[in-house]
Structures are given as C-alpha cells and as structure tokens.
Amino acid sequence: RDAWNDVQGFALGRQRQRKICAVSGSRLHTCGRRAGNRPVGGIANALPGQQCSAHVADALRLGIGLLPEDRKREGVLLKMPIRVTATLSSLKNYTNGIGRIAFGKEKQAVEETCAALKLKCRSIEQNTSELSGGNQQKVALSKLLLAGSSVLILDEPTRGIDVGAKVEIYQL
C-alpha cells in the first residue's frame, strides 16, 4: 500500500491559524525518503495553486511541517542545545544582513516558544539529549512552530513519551 494514500483528504479548517493532522500507524515516515516529486494528497487541495512534493525544501516553503515518528533520529539534534535544534529550520529569520546570527532575537523566540509548550529544561542551552522523551518531542515541535509552519503533520506524536507530556501535546 502506498503511504501517501494514508494522508489523503484530511480536512483543514480555514478559521484556524495553525492546522494539525496527527497520523497514527500510517507509515508516513516512508514518504520523506521517496525520490521524485510526488504530490502530497490532500495538502495540494488545501493550498490552492501550490504543488507540494516529497522534498523538505518545498514543504518548508509552503509552510508544511512534519514531526517525524523517530524524534531521536530525525526530529532533534541530541548533542546540540535546545536553541540550536529549535531554530534549525528557521535560522535565516535570526540572521542579520551579513549572515551573523542575532543571538538575542533567536534566544527570545526560542524561550517564548518553549514557555508556550511548557518545556521543562534548565536553560535553552541545555543539550537536547538531557531532556525526557516528552520534552524532546516538544523541542522537535518548537522547530516546526518557529519555522512558521501553518500545516503540521504529526507522525505518532505521543510515541514513547510519558502520560503528562501526551496530554500537553494533545491539548495543542
């Protein structure tokens, strides 16, 4: 069975600023590894006049973010600080005209997003590997939010995390 068929036709409301599709058991993780430009079923219709392929750059350009099933291998940089992982997909938003990172602006954005997600950490300079599974998932989610994703596709968003973090993620 084609994994693309599993996400076809999900509804996106126009009234909400951010749209979320939680996918469970869909084998969505195989989609990102495909070669070629296969359109994402359902998403193309939700974004009139836009074509979305399996390429990450296209998805980011269109405001589509994927929270992968395996956060440790594909969602976060375990050996890097929370700040670095959270701004990885949106670093261009935190650079000045000559390519230098505006650390104050970056720090403020990450701290605000982490507070909104109720991330439990000592500091945003703490390595992501030192966090619980639920907090690592929140860091991966913060990366999508800071990138300005208006459509979020969450593949097994509560896999391997504690009950309290599951509740917080579902409340988003």
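For every chain, the first residue of the written sequence is number 1, and numbering continues from 1 along that sequence. Per-residue local features of the predicted model are confined to residues with pLDDT of at least 70, and side-chain atom pairs are confined, for both listing and counting, to 80 or more; whole-chain, interface and lining totals are unaffected and use all residues. Only hydrogens and water are set aside; all other atoms, that is, all heavy atoms of the structure, feed into the side-chain values.

Considerations on the overall build of the protein chain
Phase 1 of the analysis: Looking only at helices and strands, the protein chain features seven helices and three strands.
Phase 2 of the analysis: We count a stretch as a helix when DSSP gives it H or I for four or more residues in a row; a strand needs E for two or more, and each element gets its number in order from the N terminus. Ordered by position from the N terminus, the helices and strands of the protein chain form the series β-α-α-β-α-α-α-α-β-α.
Phase 3 of the analysis: Burial here depends on accessible area, computed with a 1.4 Å probe over protein chains only, as a share of the maximum for the residue type. Under 20% is buried, over 50% is exposed, and the range in between is partly exposed. Out of the 172 residues in the protein chain, the part that is buried amounts to 44%.
Phase 4 of the analysis: In this analysis, two residues are considered to be in contact whenever any of their non-hydrogen atoms come within 4.5 Å of each other. Excluding contacts between residues fewer than 6 apart, the proportion of contacts in the protein chain whose partners are at least 24 apart in sequence is 65%.
Phase 5 of the analysis: When the accessible surface of the protein chain is split by element, carbon and sulfur atoms take 51% of a total near 9,500 Å². Here the open area of atoms and residues is found with the Shrake-Rupley method and a 1.4 Å probe, where only the protein chains shown may cover a residue.

Considerations on the nonpolar core
Phase 1 of the analysis: Among the buried residues, those of types Ala, Val, Leu, Ile, Met, Phe, Trp, Tyr and Cys that are joined through side-chain atoms within 4.5 Å form a nonpolar core. Membership of the largest hydrophobic core comes to 19 residues, with the highest contact counts inside it found for Ile82, Val110, Cys114, Leu119, Val139, Leu141 and Leu146.
Phase 2 of the analysis: Breaking this core down by element, the ones donating at least two residues are helix H4 (82–87), helix H5 (103–116), helix H6 (133–146) and strand E3 (151–155).
Phase 3 of the analysis: Ranked by the residues each element gives to this core, the list is headed by H6, at five residues.
Phase 4 of the analysis: Counting residues in each nonpolar core, the second largest holds five residues, with Leu62, Ile64, Val151 and Ile153 among its members.

Looking at the pattern of salt bridges
Phase 1 of the analysis: A pairing counts as a salt bridge when a side-chain nitrogen of Lys or Arg comes within 4 Å of a carboxyl oxygen of Asp or Glu. Scanning the entire structure with this criterion turns up eight salt bridges.
Phase 2 of the analysis: The partner of Arg73 in a salt bridge is Asp70, and the shortest N-O contact between them spans 3.9 Å.
Phase 3 of the analysis: Ionic pairing is found between Arg83 and Glu125, a salt bridge with its closest N-O pair at 2.7 Å. Taken as a pair, Arg83 in helix H4 and Glu125 in the loop between H5 and H6 lie far apart in primary sequence, 42 residues in all.
Phase 4 of the analysis: Residue class for Arg83 comes out buried when judged on its relative accessible area of 14%.
Phase 5 of the analysis: Given a relative accessible area of 41%, Glu125 falls into the partly exposed group.
Phase 6 of the analysis: A cluster of three or more residues bridged by salt bridges with shared partners is formed by Arg83, Glu106 and Glu125.

Brief notes about a nonpolar patch on the surface
Phase 1 of the analysis: Side chains of Leu77, Met80 and Leu88 sit close together on the surface and give an oily, nonpolar patch of about 230 Å² of accessible area.
Phase 2 of the analysis: Within the fold, Met80 resides in the loop between helix H3 (71–75) and H4.
Phase 3 of the analysis: Relative accessible area serves as the criterion here: at 35%, Met80 is assigned to the partly exposed category. Patches draw on residues past 30% relative accessible area with no salt bridge. Two like charges within 9 Å are joined, as are two nonpolar side chains (Val, Leu, Ile, Met, Phe, Trp, Tyr) within 5 Å.

Concerning the pairing of E3
Phase 1 of the analysis: Among the five residues of E3, five are classified as buried, and the element is accordingly described as predominantly covered.
Phase 2 of the analysis: Burial along E3 is two-sided: Val151, Ile153 and Asp155 facing one way and Leu152 and Leu154 facing the other are all buried.
Phase 3 of the analysis: Relative to E3, strand E2 (residues 64–67) runs parallel, the two sharing four bridges. Bridging across to E3, Gly65 finds its partner in Leu152. What makes two strands pair is DSSP finding at least two bridges between them.

Thoughts on the confidence of the model for the protein chain
Phase 1 of the analysis: Note: pLDDT gives the predictor's confidence per residue, expressed from 0 to 100. Taken residue by residue, the protein chain gives an average pLDDT of 75. The fraction at 70 or more is 68%.
Phase 2 of the analysis: In the predicted structure, residues 1–24 sits below a pLDDT of 50 and forms 56 contacts with residues beyond four places in sequence or in another chain.
Phase 3 of the analysis: In the predicted structure, residues 26–46 sits below a pLDDT of 50 and forms 51 contacts with residues beyond four places in sequence or in another chain.

With respect to the packing of H5 against H6
Phase 1 of the analysis: Axes here refer to lines fitted to C-alpha atoms; in helices the fit is confined to the stretch in contact. Angles between the N-to-C directions go from 0 to 180 degrees. One can describe the packing of H5 onto H6 by two numbers: an axis separation of 10 Å at closest approach and a directional angle of 120°. If you check the angle between H5 and H6, you find them oblique. The crossing of H5 and H6 is right-handed. Touching Ala109, Val110 and Thr113 of H5 are Ser142, Leu145 and Leu146, all from H6.
Phase 2 of the analysis: Asp, Glu, Lys and Arg are counted as charged, while Ala, Val, Leu, Ile, Met, Phe, Trp, Tyr, Cys and Pro are counted as nonpolar; the rest, among them Gly, fall into the polar class. When its residues are assigned to classes, the contact of H5 with H6 shows four nonpolar, two polar and no charged. Orientation is classified from the angle alone, with under 35 degrees giving roughly parallel, over 145 giving roughly antiparallel, 65 to 115 giving roughly perpendicular, and any other angle giving oblique. Here is the rule for handedness: rotate from the far helix to the near one, and if that takes an anticlockwise turn smaller than a right angle the crossing is left-handed, while a clockwise turn gives right-handed.

Some thoughts on unusual backbone geometry
Phase 1 of the analysis: Unusually for a residue other than glycine, Lys118 sits at a positive phi of about 55°.
Phase 2 of the analysis: Tracing the backbone shows Lys118 in the loop between H5 and H6.
Phase 3 of the analysis: Its identity as a non-glycine residue notwithstanding, Glu156 has a phi of 50°, on the positive side.
Phase 4 of the analysis: Within the fold, Glu156 resides in the loop between E3 and helix H7 (163–171).
Phase 5 of the analysis: Residue Glu156 is classed as buried on the basis of its relative accessible area of 19%.

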